[in-house]
Amino acid sequence: MIVDANANLGNWPFRRTSYNDPKRLLERLARVDIDRAWVVSLDAVMYKNVHAANAPLAEMAAEYPALMPVATINPTFPAWERDLVECKESLGYRGVRAYPNYHQYELGDPAFDDFLAVADDLDMFVEIAVRMTDERHHHPLCMVPPVELAALPDLAAKYPRLPIMLINAKNTDLVPLIEPTEGMENLWFEMSHIEGTGGVEQLGRSLGLEHILFGTHAPYYYPESAILKVTRECEFSEEEQEAILYGNAGRLLASAGP
Amino acid sequence: MIVDCHVHPTSPPDQMLHYADRMSIDKLCLSLGPHFIQQPTPEQVEADNDFNRRLVEVYPDRFLAYANLNPNYLEHSLREIERCLVDGPFIGIKLWVAMRCDHANCDVIAERIAELGALVLQHTFYRTGGNLAGESSPADLAALADRHPQTTFIMAHGGLNWEKGLKTVIEQENILVDTCGFDPEMGYTEMAVRLLGAERVVYGSDGAGRSFASQLAKVYGADITESEKTAILGGNMERILGL
């Protein structure tokens, strides 16, 4: 069993992507033995009303039990709270993703605190996408810096029941978090952007392997990258590898609501 | 055979080889030094080259090396080519961000490299917001390669903004592109093979800063033929270097 906690469906405005519908994505992931995937809508990132992507994604994923859709919410947009409640109670979403950089707010803004409070009340898990693509080659009309994470430890401490996942975080984003997040059971780190020879092994042990989630960022990335990092390059015990590939994802879901 | 055409000695050699072994990488081509210096003095250039020479001497079956040069010091660069390539084991030179490769000094260097039948590994970026002052773009390299058709160049990183980088060097058949130093973005290797041919694409990682796995994934995960993958992973470097 392998669970991909970071996969994408739909279109990215700056590059044509392949394997971006449910059937072809699952077939592509199956080539590297990935059985299940948590998916977001790439389209949602640049929509003004991001909630417009949530019903279609839920509908699309409903036909594929191997997919678990994750909603997108912009907590600076009117009626976001109503949208989030609808995601949980009508559309069946268990998790929700935020893009603070694309939607132009900071983690320390009151709107994000309100968002975490509502997600906590709804027993959902929250994903924070630190980036979507390498900032060095962004479209010149859409240069979006990575999310500043300094406020994260205090927020995670304020909502200890709320599972919070960092998505697409690089080594330079994660290293400053090692000390201030030590012992925080509700913080999870998806590994697709961890680099360096043996990087997932070295940084993962510093962050705590029990909080590392397997993720590919497919189909924007080749899914072989994440698979090869965890199953070949890094020297993990069988138990550690199983935890990263699916066990930790299961524990995260268990710590959120149904 | 898997040949990594682009690594830097920024982690201990035993550690680098440990992970290379786990990924079945046979040979690793070193450049720069343990610390990256954008504008190295001649003394720093020599220190980097001496550092890599020692690694090649200690691990002759595993490491190859490109000589680091700073083309702003042209006479020193030519002397360093003699010291490292003519008298030593180096397979080529590495040009990083000290000077754009469109400069006339690089013509002199490229001419000498052609005489020696060696390689030029050239860093290239199309960086949104503008390159560093001495940082070459694929267009700079294409211009240099046009003037020196007998010199073989490896365009590192595909230019980073690789859709633009690959299209820039289609016509320069003396330019190969490597796979290294950027995220494992799906489609890169397919586009490189489609536009340039597999014989002009070589695997590189940019380790130790990059994961061997993430960069090998660009080859293993690409929708290309097995023979094309074999060529990219090592066949092309074997042919060029006569390994």
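Residues numbered from 1 in each chain as written. Chains lettered and ligands numbered in written order. Predicted model: local features only at pLDDT ≥ 70, side-chain atom pairs only at ≥ 80, totals over all residues. Heavy atoms only, no water.

Novice: What am I meant to see in the overall build of chain A here?
Specialist: Tallying secondary structure elements over chain A gives ten helices and nine strands in all. Computed over the C-alpha atoms, the radius of gyration of chain A is 17 Å, within 12% of the 18 Å expected from 2.2 N^0.38 for a compact globule of 258 residues. In terms of its C-alpha atoms, chain A occupies a principal-axis envelope of roughly 50 × 40 × 40 Å. A buried classification covers 61% of the 258 residues belonging to chain A. By element, 52% of the accessible surface of chain A is carried by carbon and sulfur atoms, the whole surface being about 10,000 Å². Looking at charge distribution, chain A has the averaged site of its 21 positive side-chain charges lying 7 Å from that of its 39 negative ones. (Helix = DSSP H or I, 4+ residues; strand = E, 2+ residues; numbered from the N terminus. Rg over C-alpha atoms; globule rule 2.2 N^0.38 Å. Buried < 20%, exposed > 50% of the residue type's maximum accessible area, 1.4 Å probe, protein only. Areas by Shrake-Rupley, 256 points an atom, 1.4 Å probe, with all protein chains shown as cover. Lys, Arg positive; Asp, Glu negative; His and termini not counted. Charge placed at Lys NZ, Arg CZ, Asp CG, Glu CD.)

Novice: Where do I start with the interface of chain B and chain A in this structure?
Specialist: Bring the parts together and some accessible area is lost; that lost area is often taken as the interface size. Between chain B and chain A, the contact holds 40 residues from the first and 31 residues from the second. At the junction of chain B and chain A, the tally comes to six salt bridges. Taken together, the links from chain B to chain A amount to 33 residue pairs in polar contact (both at pLDDT 80 or more). Of the residues in the side of chain B that touches chain A, the class split is 15 nonpolar, 16 polar and nine charged. (Contact = heavy atoms within 4.5 Å. Salt bridge = Lys/Arg side-chain N within 4 Å of Asp/Glu carboxyl O. Polar contact = N/O pair within 3.5 Å; in protein donor to acceptor, adjacent residues only side chain to side chain. Nonpolar A, V, L, I, M, F, W, Y, C, P; charged D, E, K, R; others polar.)

Novice: How do you make sense of helix α3 (residues 54-62) of chain A when you look at a structure like this?
Specialist: Side chains of residues three or four places apart in an α-helix project in the same direction, reflecting 3.6 residues per turn. By the burial criterion, the buried members of α3 of chain A are Asn 54, Leu 57, Ala 58 and Ala 61 of chain A. The arc enclosing the buried residues of α3 of chain A, seen along the axis, measures out at 100°, which places them on a common side. (Arc of directions from axis to C-beta.)

Novice: Would you explain the sheet that holds strand β5 (residues 95-98) of chain A in this entry?
Specialist: Picture the strands of a sheet paired through backbone hydrogen bonds; they go either parallel or antiparallel. Residue and element names in this part refer to chain A. One open sheet holds the six strands; their spatial order is β4-β5-β6-β7-β8-β9, and the pairing between them is parallel. Edge positions in the sheet fall to β4 (71-72) and β9 (212-213), since each has one partner strand and no second. Sheet topology note: the strand β6 (residues 125-129)/strand β7 (residues 164-167) ladder contains four bridges and is parallel. Bridge pairing links Ala 129 to Ile 167 in β7. Of the strands in this sheet, β5 and β6 are in contact with helix α5 (residues 110-121), which crosses β6 at around 145°. (Pairing = 2+ DSSP bridges. Axes fitted to C-alpha atoms, helices over the stretch in contact; angles between N-to-C directions.)

Novice: Mind showing me how you'd approach the layout of surface pockets here?
Specialist: Over the atoms rolls a probe the size of a water molecule, and in doing so it shows where empty space is left. Empty space within the largest pocket amounts to approximately 590 Å³. Along its surface, the largest pocket is lined by 28 residues, and Arg 136 of chain A together with Gly 181, Asp 206, Gly 209 and Arg 210 of chain B are the ones closest to its centre. Counting only elements with at least two residues in the lining of the largest pocket, the list comes to α7 (171-174) of chain A together with β5 (119-125) of chain B. Here the lining of the largest pocket is composed, by residue class, of seven nonpolar, twelve polar and nine charged. Counted as a void, the second largest pocket has a volume near 320 Å³. Every residue lining the second largest pocket is counted, 15 residues in all, and those nearest its centre are Arg 16 and Ser 18 of chain A together with Met 186, Gly 187 and Glu 190 of chain B. Those elements giving two or more residues to the lining of the second largest pocket turn out to be α6 (162-168) and α7 (188-196) of chain B. Looking at the lining of the second largest pocket, the element that brings in the most residues is α7 of chain B, giving three residues. (1 Å grid on protein atoms, 1.4 Å probe; cavity = no way out; pocket = protein on both sides within 12 Å on 5 of 7 lines; lining within 4 Å. Points joined across faces, edges and corners; volume = space filled by probe spheres on them.)

Novice: How do you make sense of the environment of Arg 24 of chain A when you look at a structure like this?
Specialist: Residue and element names in this part refer to chain A. Along the chain, the position of Arg 24 falls in helix α1 (residues 22-30). The class for Arg 24 is partly exposed, based on a relative accessible area of 39%. C-alpha of Arg 24 to C-alpha of Leu 9: the two residues are 15 residues apart in sequence and 9.9 Å apart in space.

Novice: Before we go on, may I ask you to explain the packing of aromatic side chains in this structure?
Specialist: Aromatic rings in a pair are described by how distant their centres are and how their planes are angled relative to each other. Following the criterion strictly, the structure yields eleven aromatic pairs over all chains and no others. Seen in terms of ring centroids, Phe 182 of chain B and Tyr 188 of chain B are 4.8 Å apart; in terms of plane orientation they differ by 75°. Their pairing is edge-to-face. An aromatic cluster of at least three residues, connected via ring pairs, comprises Trp 80, Tyr 105, Phe 112 and Phe 115 of chain A. A cation sits over an aromatic face here: Lys 164 of chain B above Tyr 126 of chain B, 4.4 Å from the ring centre. We note Lys 218 of chain B situated over the ring of Phe 182 of chain B; from NZ or CZ to the ring centre the distance is 3.3 Å. (Phe/Tyr/Trp six-rings, centres within 6.5 Å; stacked < 30°, edge-to-face > 60°. Lys NZ or Arg CZ within 6 Å of the ring centre and 35° of its normal.)

Novice: In this structure, what is going on with the pattern of salt bridges? I would like to understand it.
Specialist: For side chains of opposite charge, pairing can occur when their charged atoms come near one another. This model, assessed by the stated rule, comprises 28 salt bridges over all chains. A salt bridge links Arg 22 of chain B to Glu 235 of chain A; the nearest nitrogen and oxygen atoms lie 4.0 Å apart. You can see Arg 22 of chain B sitting in helix α1 (residues 13-22) and its partner Glu 235 of chain A sitting in the loop between α9 (224-233) and α10 (238-255), one on each of two chains. The partly exposed category is assigned to Arg 22 of chain B, whose relative accessible area is 28%. Looking at Glu 235 of chain A, the relative accessible area reads 40%, which means it is partly exposed. Here Arg 100 of chain B and Asp 140 of chain B are joined by a salt bridge, their closest N and O atoms 2.7 Å apart. Remark: Asp 140 of chain B occurs in helix α5 (residues 138-147) and Arg 100 of chain B occurs in the loop between β4 (92-95) and α4 (104-116); sequence separation between them is 40 residues. A relative accessible area of 6% means that Asp 140 of chain B is categorised as buried.

Novice: In this structure, what is going on with the nonpolar core? I would like to understand it.
Specialist: Soluble globular proteins: nonpolar side chains tend toward being buried together. Counting 67 residues, the largest nonpolar core has Ile 25, Leu 28, Leu 85, Ile 93, Val 177, Tyr 203 and Phe 212 of chain B as the members making the most contacts within it. Apart from residues no more than four positions distant in its own chain, Leu 28 of chain B is found in contact with Asp 4, Val 7, Met 16, Leu 17, Ala 20, Arg 62, Phe 63, Leu 64 and Phe 212 of chain B. Counting residues in hydrophobic clusters, the runner-up holds 65 residues, among them Phe 115, Val 130, Ala 156 and Ala 218 of chain A. (Core = buried A, V, L, I, M, F, W, Y, C linked by side-chain atoms within 4.5 Å.)

Novice: Would you mind going over α10 of chain A with me for this structure?
Specialist: All names here are of chain A. With 18 residues, α10 ought to run about 26 Å at 1.5 Å a step, and its terminal C-alpha atoms sit 23 Å apart, in line with that. At Ile 244, α10 is deflected by roughly 60°, the largest bend along its length. Taken as a whole, α10 has its buried residues at Ile 244, Leu 245, Asn 248, Ala 249, Leu 252 and Leu 253. (Expected span 1.5 Å × (residues − 1). Bend = angle between axes of the 7 residues up to and from the residue.)

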